[in-house]
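# What the coordinates show
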Amino acid sequence: MPELAEVETVRRTLEKEIVGLKIKDIDIRYENMIDCDINDFKSNIKGQNIISLNRRGKVLIFNLSNNKNILSHLRMEGKYFYEPNLNLDNKHVHVVFMLSNGYYLMYQDVRKFGRMWLRNNDELYTTKPIIEIGFDPVLDKSYDVEKIYKEIHQRKIEIKATLLDQSIIAGLGNIYVDEVLFYSKINPHKPSNTISIEEVEKIIKETIRILNLAIKYKGTTIKTFTSSHGVEGEYQKFLAVHTKTICPCCNSKLICDKIKGRTTYYCSMCQGEL
Ligand SMILES: [Zn+2]
């Protein structure tokens, strides 16, 4: 699944290619991917220039010249391709934007979980999906530790499950949660309401550090993620525990189990036993 670092990599790659171009036409081949009336979606997009390409959490925001925005969530397998030729044989391409320079921006999604929304500039941050996205550790330059601590503390579920929910801290998916909790020395099974404010501070600092480093290395290539043009991430070289067997800190055997159905790696020596 593309996580925040991978979505930011997609954004940076696409930004250089499509910003400033006009969307001449749009072809929607799988209508359920669009979260509003298809004709409204098309008529609001056709003929507009792409002013900027932004991001909030894992949502890409294509800002258009008519003060509307296309929001795009890649979910499990969504990918964008920017190419001069249209491949009509690819049955996994569900949305095609025809651009003013003759290129096509194609959205491919093998599992069809991705979604697109249309929002005005003035409702962007007050409506779904953006309103549900918490502190963005890469975009937001300041944060309120007390507020994040209170939100985490209200929950009894395991800390990893709380962090996977994007509403408190955005952008932590399965890979980076394991890394952040390892460097914060917190057991992923620890109940959220037993996490101290000092631990919350560690989680935030490690999240900022690890996500920025992952973006620098263009994300993590595990299984199916490649950004547009097949840019492959290199952060997997730096993973400490996720997909590993031995703790890089104390040489103990790492534990691999499941939290909310997601494969979880941690060291019970370094992160504490429960
Ligand atoms: Zn260890």
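What you see is a predicted model, and the numbers here were worked out from it, not measured in a lab.

Before going further, it helps to examine the overall build of the protein. Broken down by element type, the protein carries six helices and ten strands. Computed over its C-alpha atoms, the radius of gyration of the protein comes to 20 Å, within 12% of the 19 Å expected for a compact globule of 274 residues. Taken over the C-alpha atoms alone, the protein extends approximately 60 × 35 × 30 Å along its principal axes. The buried share of the protein, taken over its 274 residues, is 38%. Across the protein, contacts joining residues at least 24 apart in sequence account for 64% of those joining residues at least 6 apart.

To continue, consider the domain arrangement of the protein. One can read the domain layout of the protein as domain 1 (4-132) and domain 2 (145-239). With 16 residues of domain 1 at the contact, the number on the domain 2 side is 19 residues. Taken together, the elements giving at least two residues each to the side of domain 1 that touches domain 2 come down to helix 1 (4-18) and strand 5 (79-83). Classifying every residue of the side of domain 1 that touches domain 2 by side-chain character gives seven nonpolar, three polar and six charged.

With that settled, consider the packing of helix 1 against helix 6 (residues 197-216). Viewed as axis vectors pointing N to C, helix 1 and helix 6 meet at an angle of 40 degrees, and their least axial separation amounts to 9 Å. Considered as vectors, helix 1 and helix 6 are oriented oblique to each other. Seen from above, helix 1 lies across helix 6 with right-handed handedness. From helix 1, Leu4, Ala5, Glu8 and Thr9 reach across to helix 6, where they touch Leu211, Ala214 and Ile215. A per-class count over the contact of helix 1 with helix 6 returns five nonpolar, one polar and one charged.

Mapped onto the fold, isoleucine 204 is located in helix 6. Under the C-beta neighbour-count criterion, isoleucine 204 is labelled partly exposed, with 19 such atoms within 10 Å. Measuring from C-alpha to C-alpha, the distance between isoleucine 204 and asparagine 90 comes to 41 Å, with 114 residues separating the pair along the chain. Ignoring sequence-local partners within four residues, the contact set of isoleucine 204 consists of Tyr143, Val145 and Ile148.

Time to look at the environment of leucine 118. By the element assignment, leucine 118 lies in strand 8 (residues 115-120). Discounting chain neighbours no more than four positions away, the residues touching leucine 118 are Cys36, Phe41, Asn44, Lys68 and Ile70.

The next thing to look at is the nonpolar core. In terms of nonpolar packing, the biggest core is built from 61 residues, with Tyr176, Val180, Leu181, Leu211, Ala214, Val241 and Tyr266 touching the most fellow members. Looking at this core, the element that brings in the most residues is helix 5 (residues 174-183), giving seven residues. Counting contributing residues per domain, this core is built from domain 1 (4-132) and domain 2 (145-239), each supplying no fewer than three. Apart from the residues within four sequence positions on either side, valine 241 is in contact with Asp178, Glu179, Phe182, Leu254, Tyr265, Tyr266 and Cys267.

About the criteria used
Residues numbered from 1 in each chain as written. Predicted model: local features only at pLDDT ≥ 70, side-chain atom pairs only at ≥ 80, totals over all residues. Helix = DSSP H or I, 4+ residues; strand = E, 2+ residues; numbered from the N terminus. Rg over C-alpha atoms; globule rule 2.2 N^0.38 Å. Buried ≥ 20, exposed ≤ 12 C-beta atoms within 10 Å, placed from the backbone. Contact = placed C-beta atoms within 7 Å. Domains from an automatic or database assignment. Nonpolar A, V, L, I, M, F, W, Y, C, P; charged D, E, K, R; others polar. Axes fitted to C-alpha atoms, helices over the stretch in contact; angles between N-to-C directions. Parallel < 35°, antiparallel > 145°, perpendicular 65-115°, else oblique. Left-handed = near helix turned anticlockwise from the far one by under 90°. Core = buried A, V, L, I, M, F, W, Y, C linked by C-beta atoms within 7 Å.

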